[in-house]
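# Structural features, examined
Listed below are the residues making up each chain.
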Amino acid sequence: GKWEGRSRCVLKPASTAEVADVLRYCNSRGLAIVPQGGNTGLVGGSVPVHDEVVLSLLRMTSVEAFDERSGIVTVQSGCVLENLDAYLAERGFMVPLDLGSKGTCTIGGNASTNAGGLRYLRYGSLRGNIL
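No experiment lies behind these values; they were computed from the predicted model shown. (Residues numbered from 1 in each chain as written. Predicted model: local features only at pLDDT ≥ 70, side-chain atom pairs only at ≥ 80, totals over all residues. Heavy atoms only, no water.)

## What about the nonpolar core?
- Phe66, Cys79, Leu81, Leu84, Leu88, Val95, Leu97, Leu99, Cys105, Ile107, Ala115 and Leu126 together form the largest nonpolar core, which totals twelve residues.
- Broken down by element, the residue count for this core peaks at three residues, all from helix 2 (residues 81–89).
- Those residues in contact with Ala115, other than ones at most four positions away along the chain, are Leu97, Leu99, Asn110, Ser125 and Leu126.
- Of all hydrophobic cores here, the second largest spans seven residues; its members include Cys26, Val53, Leu55 and Leu57. (Core = buried A, V, L, I, M, F, W, Y, C linked by side-chain atoms within 4.5 Å. Buried < 20%, exposed > 50% of the residue type's maximum accessible area, 1.4 Å probe, protein only. Helix = DSSP H or I, 4+ residues; strand = E, 2+ residues; numbered from the N terminus. Contact = heavy atoms within 4.5 Å.)

## Details of the side chain of Gln36
- Among the secondary structure elements, Gln36 is positioned in strand 2 (residues 33–36).
- Looking at Gln36, the relative accessible area reads 17%, which means it is buried.
- For Gln36, the residues in contact, after removing those within four places along its chain, are Ser46, Pro48, Val54, Leu55, Ser56 and Leu57.

## Side note on the sheet that holds strand 1 (residues 10–11)
- Taken together, three strands build an open sheet; the order of strands is 1-3-2 and the sheet is parallel. The open sheet has two edge strands, strand 1 and strand 2, and neither has a second partner.
- Sheet topology note: the strand 2/strand 3 (residues 53–56) ladder contains four bridges and is parallel. Bridged to Gln36 within strand 3 is Ser56.
- In the packing of helix 1 (residues 16–28) onto the sheet, the strands contacted are strand 1, strand 2 and strand 3, and the crossing angle to strand 3 comes to about 170 degrees. (Pairing = 2+ DSSP bridges. Axes fitted to C-alpha atoms, helices over the stretch in contact; angles between N-to-C directions.)

## Some remarks on the environment of Trp3
- By the element assignment, Trp3 lies in the segment before strand 1.
- Note on Trp3: relative accessible area 44%, which makes it partly exposed.
- Between the C-alpha atoms of Trp3 and Val47, which are 44 residues apart in sequence, the distance is 7.0 Å.
- Beyond its immediate sequence surroundings of up to four residues, Trp3 is in contact with Leu42, Val43, Gly44 and Val47.

## Overview of the pattern of salt bridges
- Enumeration according to the criterion identifies six salt bridges in this entry.
- A salt bridge links Arg24 to Asp21, with the shortest nitrogen-to-oxygen separation between them at 2.9 Å. One end of the pair is Arg24 and the other is Asp21, both in helix 1 and three residues apart, which spans about a single turn.
- Given a relative accessible area of 54%, Arg24 falls into the exposed group.
- As a salt-bridge pair, Arg91 and Glu90 come within 3.3 Å of each other at their nearest N and O atoms. (Salt bridge = Lys/Arg side-chain N within 4 Å of Asp/Glu carboxyl O.)

What follows is the structure, encoded as structure tokens:
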């Protein structure tokens with residue numbers, strides 16, 4: 001592949017509280033962290049280059065809340081874009097983002113890279129749709 005990295009440690013938290021615990025621990029020991037989601041990014045931002053602790057967010061896939069009145073959905077960062085779009089479609093809504101990698105990319109990565117995608121001209125980038 002285009003990117004290759006190495007890490008002796010991959011942690012896979014399942015909740016925000018577990019992420020906080022990992023961050024607290026690593027910070028207290030001066031350990032560097034690199035977050036990973038779907039690994040679909042094109043710039044290698046999730047690749048460990050100096051043996052950082054890999055923080056995989058792929059277990060954090062839940063839709064935590066959805067308000068049909070406002071259309072506001074709260075999801076964990078490892079939620080796959082295609083799964084979220086299917087969840088919302090069942091309720092008559094959609095994600096204002098569509099990417100070729102929608103089956104593997106995660107909302108956390110989409111937000112951190114300000115993804116645009118196929119619906120960009122109509123709805124703008126993802127950050128413009130995040131509260």
